[in-house]
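A look at the structure
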Amino acid sequence: MSDELTPDEALDKIDYSPRSKGEPSNWLDTTKSVQIRPGMYCYAAKADSVNTLGLPNAREWNPLDDDWKLPEDWKEILHNGIKERLERFRTFKVFMDVCVRCGACADKCHFFLGTGDPKNMPVLRAELLRSIYRNDFTTAGKIMKKIPGGQRLLGARDLSLEALKEMWYYFFQCTECRRCSVFCPYGIDTAEITIMGRELLNLIGLNIDWIATPVSNCYQTGNHLGIQPHAFKDMLEFFVEDIEDITGVDCTPQFQKKGADILFITPSGDVFADPGTYTCQGYLILFKYLKEKYGLDVTWSTYASEGGNFGFFTSHETMKRLNAKMYAEAKRLGVKWILGGECGHMWRVIHQYMDTMNGPADFLEVPVNPITGTRFENAASTKMVHITEFTADLIKHGKLELDKSRNANRIMTFHDSCNPARGMGLLDEPRYVIENCCDNFYEMPPNTIREQTFCCGSGAGLNAGENMELRMAGALPRANALKHVHEKYGVNTLGTICAIDRAALSTLCEYWVPDVEVAGVHELVGNALILPGEKERTEDLRMEPLPGVEEE
Amino acid sequence: MNQRYLIPLTAVFLLFLMAYIGVEGLGLQVVFGVIFPYLAVLLFLIGFVKKVMGWAASAVPFRIPTTCGQQKSLPWIKQNTIDNPNTSAGVFVRMVFEIFLFRSLFRNTKAAFNRNADNRLSYSWEIFLWVGALAFHYAFLTVLLRHFRFFTAPVPSCIQFLEYIDGIVQLGLPGLFVSGPVLLLAALFLLGRRIFDAKVNYISQAADYFPLFLIIGIAATGIAMRYFTKVDIIGIKELTMGLATFSPVIPEGVGGLFYAHVFLVSVLFAYFPTSKLMHMGGVFLSPTRNMANNTRAKHHENPWNYDVDVHTYAQYEDHFRDKMIEAGLPVDKKE
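Conventions and cut-offs
- Residues numbered from 1 in each chain as written.
- Chains lettered and ligands numbered in written order.
- Predicted model: local features only at pLDDT ≥ 70, side-chain atom pairs only at ≥ 80, totals over all residues.
- Heavy atoms only, no water.
- Helix = DSSP H or I, 4+ residues; strand = E, 2+ residues; numbered from the N terminus.
- Rg over C-alpha atoms; globule rule 2.2 N^0.38 Å.
- Contact = heavy atoms within 4.5 Å.
- Areas by Shrake-Rupley, 256 points an atom, 1.4 Å probe, with all protein chains shown as cover.
- Lys, Arg positive; Asp, Glu negative; His and termini not counted.
- Charge placed at Lys NZ, Arg CZ, Asp CG, Glu CD.
- Expected span 1.5 Å × (residues − 1).
- Buried area = accessible area lost by both parts, 1.4 Å probe.
- Salt bridge = Lys/Arg side-chain N within 4 Å of Asp/Glu carboxyl O.
- Polar contact = N/O pair within 3.5 Å; in protein donor to acceptor, adjacent residues only side chain to side chain.
- Nonpolar A, V, L, I, M, F, W, Y, C, P; charged D, E, K, R; others polar.
- Axes fitted to C-alpha atoms, helices over the stretch in contact; angles between N-to-C directions.
- Left-handed = near helix turned anticlockwise from the far one by under 90°.
- Pairing = 2+ DSSP bridges.
- Phe/Tyr/Trp six-rings, centres within 6.5 Å; stacked < 30°, edge-to-face > 60°.
- Buried < 20%, exposed > 50% of the residue type's maximum accessible area, 1.4 Å probe, protein only.
- Patch = residues over 30% accessible without salt bridge, like charges linked within 9 Å, V, L, I, M, F, W, Y side chains within 5 Å.
- Core = buried A, V, L, I, M, F, W, Y, C linked by side-chain atoms within 4.5 Å.

1. Remarks on the overall build of chain B
- Secondary structure summary: chain B contains 13 helices and 2 strands in total.
- By the compact-globule yardstick of 20 Å for 335 residues, chain B is too spread out, its C-alpha radius of gyration being 28 Å.
- Each of the three principal axes of chain B carries a C-alpha extent, and together these read 100 × 60 × 45 Å.
- Put simply, of all contacts in chain B between residues at least 6 apart along the chain, 64% involve residues at least 24 apart.
- Surface accessibility of chain B: about 16300 Å² in total, with carbon and sulfur atoms responsible for 71%.
- The average position of the 28 basic charges and that of the 21 acidic charges among the side chains of chain B differ by 8 Å.

This is how it looks when you write it as structure tokens:
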């Protein structure tokens, strides 16, 4: 950690005026000077992981080396790849053509705001690829490249090795959060361009390991950490012991139970890493409560034990391969519908892709909450409900007994995760749950929440350790808004509904706002929910004294 | 100096001279008054249609609207039906706002950072680009429609009404059409942004300056003809009506300035389909804006969906069976 920048040093670097940094006046010139700098990129994908998935060009390589060990015909592969994707995705084709470079997106990206690097302006990130597109795929490009200086006038360039390296560097400095697309007058979604860009890079074996290895693990083992079935069970049982210590109630879950009502799938980050683990305990407590009170039968699965879909950061095809397990397992177990845990990009995949990729799920029923009778019309086809939709419904119908005072020490704010916010519009459900579990809730400033929410800076597979400088810079806008409510209202807990957020924001809080903790929404539910037969609780799920208890 | 705007500026100036000298010096009225305009309109129509058909030919495999408000979920949670529509009606309203009012741009903010004790990132509402863009586009539209009086006889009443509204500020003789100067000023504002805003300057290409200079040239020549040089309007109408009725005539006494104006317009038309100006067509086809957010409620087909290799449960169990049995996890096959 000693080679990392201190917050002060990081802040010193911020300057939003591209000129003052001695950048050449035309960004087309800079390809030769692309500096891939440690701290700003993730390690290259390991050959083993790429092999497992049968993806092309598995080999050991290092982004810092001159030689990236590319296949000989890499230009042709990319050219054909671009061509194919232009036909398959109208988004890609339209977004390549219609940008007017108005600059509305320029200062919307958290990486630009945190680094001041002009190539982190969304428009320029897209232009990296667009310049190649213009050169090779448009009539104007084909004419202009025959005229001396014509390419420059058009903003076109050849697909050179330098251009490729630059694309790799900057496409993996985008968390695909879509904040820029909210402001674009044509709805150009840089995430979509980055997704295509990363797909293309995968065709010649250029991925990062923090994506490739989790994908490989998910594929083989069912979850991104490669937790094997018995270990997965052990981990949940470990939480069960903790919960029993705290509440006196045994919340042992069921696994792979055929004929259960609901299959529950959550990101494995909730099973593995603090503070997601407390959220996981919240789920266990909720399901126990529902079982005892209403006989609801929820099962977990070790096979479909990952909601997070790192395939999304690889290619549409890989995303589909990983996502397929959810329906396959629901079908095998014969459940009625699927409930999904708190996760960001998992929900973007479920909401926008799953039914189209792997549906229709006609072997499942339209989700109905058997306790309240609510029919989840908005999930009628996909048959998958978000847990905050489910819990909010239970609370609204008065089906949960909640003791808010147990969260009285939590002065909350809520971080909208990018994907649920800008890919679904899941905004009020989690807020409703928080407000029913906790009395102290304050919003961050309006330009930083809801659809304008800022990314944690570590999404889309960039949550590695080696790119810490990038992550902390990317997290600055989020942290800055958080610091504001921390100072103004004494906010000490940042609620969120994303597993990557829980991992990433904890690190960013340590760096930028040290007195704030991160918690999943269902951790609050777990604390507040009064389990039938529970003993008098003295500790919260973090095994810290409950408010009021420490004074006694 | 910055060649990214000097070259387009020079180019537009040369185009102007080309037409002016071509007519005044070489007598090429037919080339600049008939051949180029017809060619330009043809290129515009073919290019525009080809481009839009090209976009339409590409699939929309997944519904990926950018949602900017609360989804439709539980009955008691208020949905944002415009920014997060789940029906075609909602999408229609969203698109109308987008196309006619530039709603997304209206949202624009400006970020600033103060390196001091607070180290505060702040965001302020940035309305000027929206105002500039809206003024530019509406003025352009008005000017364009107003010109239909040159191509129609009798002039339709709606065009006459538009002229009446446009000229409602009574100033000088001939009466001032507000749209002209507004178009010129808005274009100059957009140009100023490109030159003086460091971020916008950095992202700007020659292809961004060229159409701006072209439009500034068109607006300036148009205003010059109407208010200052007083061209022969009867002659011009003779020529334009000739074009509109496909029986072109070249009247006497119409000077080079008019032909230069027409030529710049022709260049803009011909250039349109191969350039970023195609955002005019693209805004209708943007999949993040023109789709309903009902992806979980309704099944949508992907036209090229294909089967992929998946790691099946059976393979998984084969791999881990012993460990699963030992841990007491249920298995399908016991042996």
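2. Things to note about helix H3 (residues 88-101) of chain B
- The end-to-end C-alpha distance of H3 of chain B is 19 Å, a good match for the 20 Å that 14 residues give at a rise of 1.5 Å each.
- A positive backbone phi angle near 55 degrees is found at Phe-102 of chain B, which sits one or two residues after H3 of chain B.

3. Describing the interface of chain A and chain B
- Every contact between the two is made by 123 residues of chain A and, on the other side, 97 residues of chain B.
- Roughly 9400 Å² of surface becomes buried between chain A and chain B when both sides are summed, with 56% attributable to carbon and sulfur atoms.
- In terms of surface lost to chain B, no three residues of chain A exceed Arg-90, Arg-101 and Thr-356 of chain A, which account for 8% of the buried area on that side.
- Inspection of the region where chain A meets chain B yields 7 salt bridges.
- Note that Asp-97 of chain A and Lys-51 of chain B form a salt bridge whose closest N and O atoms lie 3.4 Å from each other.
- On the surface where chain A and chain B come into contact, there are 76 residue pairs in polar contact (both at pLDDT 80 or more).
- In terms of residue count, helix H17 (residues 345-358) of chain A provides more of the side of chain A that touches chain B than any other element does, 9 residues in total.
- Here the residues of the side of chain A that touches chain B are counted per class, giving 54 nonpolar, 32 polar and 37 charged.

4. Some words on the packing of helix H12 (residues 209-221) of chain A against helix H16 (residues 316-333) of chain A
Residue and element names in this part refer to chain A.
- Closest axis-to-axis distance for the H12/H16 pair is 10 Å, and the angle between their directions is 35 degrees. The element H12 and its partner H16 pack so that their crossing is left-handed. Counted together, Val-215, Cys-218, Tyr-219 and Gln-220 of H12 and Thr-318, Arg-321, Leu-322 and Lys-325 of H16 form the full contact between these two elements.
- Residues that form the contact of H12 with H16 fall into these classes: 4 nonpolar, 2 polar and 2 charged.

5. Notes on the sheet that holds strand E5 (residues 384-386) of chain A
All names here are of chain A.
- The strand order E1-E3-E2-E4-E5 describes an open sheet built from 5 strands, whose pairing is parallel. Here the strands that pair on one side only, and so sit at the sheet edges, are strand E1 (254-255) and E5.
- Strand direction decides the pairing type here: E1 and strand E3 (residues 298-300), joined by 2 bridges, are parallel. Paired with Phe-255 across the bridge in E3 is Trp-300.
- Strand contacts of H16: strand E2 (262-265), E3, strand E4 (337-340) and E5, with the helix running at about 150 degrees to E2, the strand carrying the most contacts.

6. What about the packing of aromatic side chains?
Residue and element names in this part refer to chain B.
- Applying the stated rule across the entire model yields 48 aromatic pairs over all chains.
- A ring pair is formed by Phe-44 and Phe-272, whose centres lie 5.3 Å apart and whose planes are at 75 degrees; its orientation type is edge-to-face. Within this pair, whereas Phe-44 is found in helix H2 (residues 29-57), its partner Phe-272 is found in the loop between helix H11 (256-271) and helix H12 (279-285), the two being separated by 228 residues in sequence. In this pair, the class of Phe-44 matches that of Phe-272, namely buried.
- Here Phe-210 and Tyr-271 contribute two aromatic rings whose centre-to-centre distance is 5.0 Å and whose plane-to-plane angle is 80 degrees, an arrangement assigned as edge-to-face. Taken as a pair, Phe-210 in helix H9 (residues 206-229) and Tyr-271 in helix H11 lie far apart in primary sequence, 61 residues in all.

7. Looking at a nonpolar patch on the surface
Residues and elements named next belong to chain B.
- The grouping of Phe-100, Leu-101, Tyr-138, Leu-141, Leu-144, Leu-145, Phe-148 and Phe-151 at the surface amounts to a nonpolar patch, some 700 Å² of accessible area in total.
- For the nonpolar patch, the secondary structure elements donating two or more residues are H3 and helix H5 (128-146).
- Ranked by residue count, the leading element in the nonpolar patch is H5, at 4 residues.
- Structurally, the position occupied by Leu-144 is in helix H5.

8. Quick word on the nonpolar core
- The biggest cluster of nonpolar side chains holds 185 residues, and the ones touching the most others in it are Leu-129, Trp-168, Leu-206, Tyr-353, Leu-482 and Trp-512 of chain A.
- Element by element, the count of residues in this core is highest for H9 of chain B, at 12 residues.
- Setting aside residues no more than four positions away along its own chain, Leu-206 of chain A makes contact with Arg-59, Trp-61, Trp-68, Leu-70, Leu-164, Trp-168, Phe-172 and Leu-201 of chain A.
- Counting residues in hydrophobic clusters, the runner-up holds 82 residues, among them Phe-232, Ala-260, Leu-263 and Phe-441 of chain A.

9. Thoughts on the pattern of salt bridges
- Scanning all chains against the criterion turns up 51 salt bridges over all chains.
- Across the pair Lys-145 of chain A and Asp-136 of chain A runs a salt bridge, and its minimum N-O distance is 3.4 Å.
- Close ionic contact of Glu-176 of chain A with Arg-198 of chain A constitutes a salt bridge, the shortest N to O distance being 3.6 Å. Note that Glu-176 of chain A is positioned in the loop between helix H9 (161-171) and helix H10 (179-183) and Arg-198 of chain A in helix H11 (residues 190-203), a separation of 22 residues in sequence.
- Look at the salt bridges and you will find they share partners, linking Arg-101, Glu-127, Arg-130 and Arg-134 of chain A together with Asp-208 and Lys-276 of chain B into a network.

10. Points about helix H15 (residues 276-294) of chain A
Residues and elements named next belong to chain A.
- In a regular helix each residue adds 1.5 Å, so 19 residues correspond to 27 Å; H15 covers 27 Å between its end C-alpha atoms and thus fits that length.
- Burial analysis of H15 places 14 of its 19 residues in the buried class, which makes it a mostly covered element.
- Taken from the residues just after H15, Gly-295 is the one with a positive phi, measuring 70 degrees.

11. Some details on the sheet that holds strand E7 (residues 493-496) of chain A
Residue and element names in this part refer to chain A.
- Judged by pairing direction, the sheet is parallel, and its 3 strands sit side by side in the order E6-E7-E8 without closing on themselves. Across the chains shown, the open sheet's two edge strands, defined by having one partner strand only, are strand E6 (412-415) and strand E8 (517-520). Looking at each pair of strands side by side, their axes are set apart by 35 degrees on average, direction ignored.
- The pairing of E6 with E7 spans 4 bridges and is parallel. Residue His-415 lies in a different strand from E7, and its bridge partner there is Thr-496.
- Each of E6, E7 and E8 touches helix H22 (residues 499-512); the most contacted strand, E8, lies at about 170 degrees to it.

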